[in-house]
Amino acid sequence: MKFTKMHGCGNDYIYVDGSMEHISTEDKPEIVRRLSDRHFGIGGDGVIFINPSTEADFEMEMYNADGSRAEMCGNGIRCVAKYVYDKKLTEKKKISIISAGKIKHLCLAIQDKKVILVKVNMGEPEFVAEKIPVLSQKEQVIDEPITVRGKEYRMTCVSMGNPHAVVFVDDVENLEIEKIGPYFENHELFPKRTNTEFVKVLDRNTVQMRVWERGTGETLACGTGACATVAACIRNGYTEEQVTVKLLGGDLEIFWNRNENCIYMTGPASHVFDGEITI
């Protein structure tokens, strides 16, 4: 099987052209787990299959490292855009990509005939609890308490096509995320598990974030998480609408256009290497 390793701000995935590599749906979870293993496989935060689509220019079929399906990946979708343009699957600089039934529109910045930056309309942030989903007696979960390992935190829950719990903290650098992350992910309040962003507000236009991703663990970046974080910051009155999100793997520029009620994410997409592996 031929593949390409790519990353967006260090959030790395294995990309496979689904029109060329035909793998059954039943076999994919086990193959994904094997390929994602950083010791015995290629290594990555998951695998993304790039498929033909009748509804958009391309389909993104995304799997987490544990083999579970994911609805959306902001860093992943930027890399899909780079893949299809750089490999001449399209000549368009504005493309549409569908993932889990939702279509996103992307604008590509080109340098030396290669994509270097991608702007994505990530759509409307969803705050209604049952649509995220998060269990709550309230319609929305904004700055609400959650107890993890005997300690109370405050969280704001948002969906960007996938569930997020945004937790504001005073110190993200020394956070023991590997200890508390799994407890947030699998907390009883989240029937479909959740991604968790731990966020420190630096100023009105800058935040620092670490993320524990559902089905993967800590990653160097999360595009949907950065969007959810900015939505949560604005709802809590912490930031303006244009925010730089500083992640372990780099920066993402997030803008919540309140007139259109959609969030725009701009960030890099990087090619690492191409390869071939027997599966």
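Residues numbered from 1 in each chain as written. Predicted model: local features only at pLDDT ≥ 70, side-chain atom pairs only at ≥ 80, totals over all residues. Heavy atoms only, no water.

Points about helix 2 (residues 74-86)
The end-to-end C-alpha distance of helix 2, which contains 13 residues, comes to 19 Å, matching closely the 18 Å that a straight helix rising 1.5 Å per residue would cover. The buried fraction of helix 2 is high, at 13 of 13 residues. Backbone geometry just after helix 2 places K88 at a positive phi near 60 degrees. (Helix = DSSP H or I, 4+ residues; strand = E, 2+ residues; numbered from the N terminus. Expected span 1.5 Å × (residues − 1). Buried < 20%, exposed > 50% of the residue type's maximum accessible area, 1.4 Å probe, protein only.)

Here we look at helix 3 (residues 177-185)
All buried positions along helix 3 are accounted for by I177, I180, G181, F184 and E185. End-on, the buried residues of helix 3 take up no more than an arc of 140 degrees, which puts them together on one face. Considering only its buried residues, helix 3 is in contact with strand 9 (144-148), strand 10 (151-159), strand 11 (163-168), strand 12 (195-203), strand 13 (206-213) and strand 14 (217-219). (Arc of directions from axis to C-beta. Contact = heavy atoms within 4.5 Å.)

Section: the environment of G181
Relative to the elements of secondary structure, G181 occurs in helix 3. Along the primary structure G181 and T194 are separated by 13 residues, whereas in three dimensions their C-alpha atoms are 9.9 Å apart.

Quick notes on the pattern of salt bridges
Enumeration according to the criterion identifies 18 salt bridges in this entry. The shortest N-O distance in the salt bridge between R38 and D12 comes to 2.8 Å. On the criterion of sequence distance, the pair formed by R38 in the loop between helix 1 (28-36) and strand 3 (46-51) and D12 in strand 2 (residues 11-17) is long-range, its members being 26 residues apart. The network of salt bridges with common partners includes K5, D12, R38 and D45. (Salt bridge = Lys/Arg side-chain N within 4 Å of Asp/Glu carboxyl O.)

Quick look at the pairing of strand 1 (residues 2-8)
Counting buried positions over the seven residues of strand 1 gives five, a clear majority of the element. Examined bridge by bridge, strand 1 and strand 18 (residues 270-276) share six bridges and lie antiparallel to one another. Along strand 18, the bridge assignment pairs M6 with H271. Across five bridges, the pairing between strand 1 and strand 2 is antiparallel. Looking at strand 2, one finds that H7 is bridged to D12. (Pairing = 2+ DSSP bridges.)

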